[in-house]
Amino acid sequence: MAAVVSETDGVVLETRDHGESDLIVTFYCPDSGKITAIAKGARKSRRRFVNKLEMFTYLRLQLRRSGNRSLLLLEEAELHAAFLNLRFDIVRYSVASVIRELMLLGTREGETDEQLYKMLLWTLDSLDRRDTPLRPLLFFFLRYLDYIGYRPEMDCCTQCGTSAPSAGQFRFNIFSGGLICTSCSPAPSSSLIPLSPTTITHLSDAQDISLKQLSGLQMQTRSIHEGLNILHRYGRHILQREIHSWKMLRQMFAKSSNTIKEG
Ligand SMILES: [Zn+2]
C-alpha cells in the first residue's frame, strides 16, 4: 500500500521517549487538532530534527501514514518559530506549561478547532514577546473554556438576567461558570467569588474581540489575578481534575500576589 504524505503546521505539546532512539511527539495542528506522530531515530541522530522537537516549537511538518498502520511517521520538520524566551525564562516557561497542560487535557485526538489553534499561537507569541506573562494566560484560559464548550457568562446575572457590571455587585459561580448578582444570591459562599466591575468589563470584552484588539487590551495586575483565580477554579471543576502546572505558577507569583495563591 502506498504511503500517504501530508503537510501541516503544528505546535509541539509533548514529547516522550520511545524505544532506544525514537520520540513520540504530540502536536496541535490547524486542520487536524491534536495528533501524535513518531519521529524515528530522533534521539540517536539529531541531524534531521535538530532543536526542532522541543516544547512549544511551531513547525511545518511532513507526515507519512504508512500502509494500514494508524501511527503517523514524522518525516521532516521545518522551524517556523522556536519561542526561545519560553524555554529560557522560568516564569514564562511555567505559564506556557499551564497552557500546554490545558491543551492536552481539553482536546481530543483528531478534533479540529481552528480558533483554539490560533489562540494557542497568539498566546505563545505574546509570551515570547515579553508581554506581562499572566495577561496572555488569562486571555487564553478565558477563550479556551469557550472553545471547549464552557464559555464563562460574563455579561449578566445567570439567574435574573440583570446586566453586568453596572447594576450592582456580582460574584462568579465556579460551578455554573457565570455571574450571579447579590440580589439573587445574597449570602457569600466558597463557590461564589466576588469580582470587581472593572474585571468583569475586561473579561467580557476579551471574549469576542479580534486577536489584534486583544493584543492591545491592557488590564491592571489586580484584575488579571482576579480573573485567573475564577478561571482556574472553574476550569478545575470543568476538567474534573487538578491542573498540576498551576502549582509551579502559584509558587512563582506567591510573593507578588495574594489572589493567585487561592485554589
Ligand atoms: Zn440576579
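Residues numbered from 1 in each chain as written. Predicted model: local features only at pLDDT ≥ 70, side-chain atom pairs only at ≥ 80, totals over all residues. Heavy atoms only, no water.

Notes on the overall build of the protein
Along the backbone of the protein there are 8 helices and 9 strands. The C-alpha radius of gyration of the protein comes to 20 Å, within 12% of the 18 Å expected for a compact globule of 263 residues. Taken along its principal axes, the extent of the C-alpha atoms in the protein is 65 × 40 × 30 Å. When each of the 263 residues of the protein is scored for burial, the buried share is 51%. For the protein, the share of sequence-separated contacts (at least 6 apart) that also reach a separation of at least 24 residues comes to 61%. Summed over all atoms, the accessible surface of the protein reaches about 12500 Å², with 47% contributed by carbon and sulfur. (Helix = DSSP H or I, 4+ residues; strand = E, 2+ residues; numbered from the N terminus. Rg over C-alpha atoms; globule rule 2.2 N^0.38 Å. Buried < 20%, exposed > 50% of the residue type's maximum accessible area, 1.4 Å probe, protein only. Contact = heavy atoms within 4.5 Å. Areas by Shrake-Rupley, 256 points an atom, 1.4 Å probe, with all protein chains shown as cover.)

What about the domain arrangement of the protein?
Interface size is commonly expressed as the accessible surface area that is lost when the partners come together. Here the protein is partitioned into domain 1 (4–82) and domain 2 (88–261). The C-alpha-based centres of domain 1 and domain 2 are spaced at 30 Å. On the domain 2 side, the residues contacting the 18 residues of domain 1 number 19 residues. Interface area for domain 1 against domain 2, summed over the two sides, is near 1600 Å², with a carbon-plus-sulfur share of 64%. On the domain 1 side of the interface with domain 2, the three residues burying the most area are Tyr28, Lys34 and Phe56, jointly 46% of the side's total. Applying the counting rule to domain 1 against domain 2 returns 1 salt bridge. The partner of Glu14 in a salt bridge is Arg100, with the nearest N and O atoms 4.0 Å apart. (Domains from an automatic or database assignment. Buried area = accessible area lost by both parts, 1.4 Å probe. Salt bridge = Lys/Arg side-chain N within 4 Å of Asp/Glu carboxyl O.)

Concerning unusual backbone geometry
A positive phi angle is found at Phe83, which is not glycine, with a value near 45°. With respect to the element layout, Phe83 can be found in the loop between strand E5 (72–81) and helix H1 (84–88). On the basis of relative accessible area, Phe83 is assigned to the buried category, the value being 6%. Although it is not a glycine, Gln240 adopts a positive phi angle of roughly 60°. Positionally, Gln240 belongs in the loop between helix H7 (221–239) and helix H8 (245–253).

Remarks on the packing of helix H4 (residues 134–147) against H7
Their axes nearest at 10 Å, the elements H4 and H7 cross at an angle of 40°. H7 is crossed by H4, and the crossing has left-handed handedness. Every residue of H7 that contacts H4 at Leu134, Arg135, Leu137, Leu138, Phe141, Leu142, Tyr144 and Leu145 is listed here: Ile224, His225, Gly227, Leu228, Leu231, His232, Tyr234, Gly235 and Leu239. Split by residue class, the contact of H4 with H7 holds 12 nonpolar, 4 polar and 1 charged. (Axes fitted to C-alpha atoms, helices over the stretch in contact; angles between N-to-C directions. Left-handed = near helix turned anticlockwise from the far one by under 90°. Nonpolar A, V, L, I, M, F, W, Y, C, P; charged D, E, K, R; others polar.)

Focus: the pairing of strand E7 (residues 170–173)
Every regular strand shows the same layout, with side chains that alternate between the two sheet faces. Covered by surrounding structure in E7 are Phe170 and Phe172 together with Arg171 and Asn173, the residues of both alternating faces. In this structure, E7 lies alongside strand E8 (residues 178–181), joined through 4 bridges in antiparallel fashion. Across the sheet, the residue bridging to Phe172 is Leu179, located in E8. Two successive antiparallel strands, E7 and E8, enclose a turn made up of 4 residues, where Gly177 displays a positive phi of approximately 75°. Bridging between E7 and strand E9 (residues 192–195) involves 4 bridges; their strand directions are antiparallel. The residue bridging Arg171 from the neighbouring strand is Pro194, located in E9. (Pairing = 2+ DSSP bridges.)

Remarks on the coordination of the zinc ion
The zinc ion binds to the protein through Cys157 (SG), Cys160 (SG), Cys181 (SG) and Cys184 (SG), with metal-donor distances spanning 2.3 Å. Between the 4 donor atoms coordinating the zinc ion, the angles at the centre fall across 106 to 116°, so the site counts as tetrahedral. Donor residues for the zinc ion, ordered by position in the chain, follow C-x2-C-x20-C-x2-C. Here Cys160, found in the loop between strand E6 (153–157) and E7, pairs with Cys181, found in strand E8; they are 21 residues apart in sequence, far enough to count as distant. By relative accessible area, which is 43% here, Cys160 ends up partly exposed. Look at Cys181 and you get buried, because its relative accessible area is 6%. (Donors = N, O, S within 2.8 Å, 3.2 Å for Na, K, Ca; no water. Tetrahedral: all angles 85-135°; square planar, octahedral: opposite > 155°, others 65-115°.)

Focus on the packing of aromatic side chains
To describe a pair of aromatic rings, you give the distance between the ring centres and the angle between the ring planes. Taken as a whole and judged by the stated rule, the model has 6 aromatic pairs. Between Phe56 and Tyr93, the ring centres sit 5.8 Å apart and the planes meet at 70°, which makes this aromatic pair edge-to-face. A residue pair is termed long-range when its members are at least 10 positions apart, and Phe56 in the loop between strand E3 (33–39) and strand E4 (58–65) and Tyr93 in helix H2 (residues 90–106) qualify at 37 residues. A centroid spacing of 6.3 Å and a plane angle of 45° characterise the contact between Trp122 and Phe139, whose relative ring orientation is tilted. Residue Trp122 is found in helix H3 (residues 114–128), and its partner Phe139 is found in helix H4; the two are separated by 17 residues along the sequence. Residues Trp122 and Phe139 agree in their burial class; the two are buried. Here the aromatic residues Phe140, Phe141, Tyr144 and Trp246 are joined through ring pairs into a cluster of three or more. (Phe/Tyr/Trp six-rings, centres within 6.5 Å; stacked < 30°, edge-to-face > 60°.)

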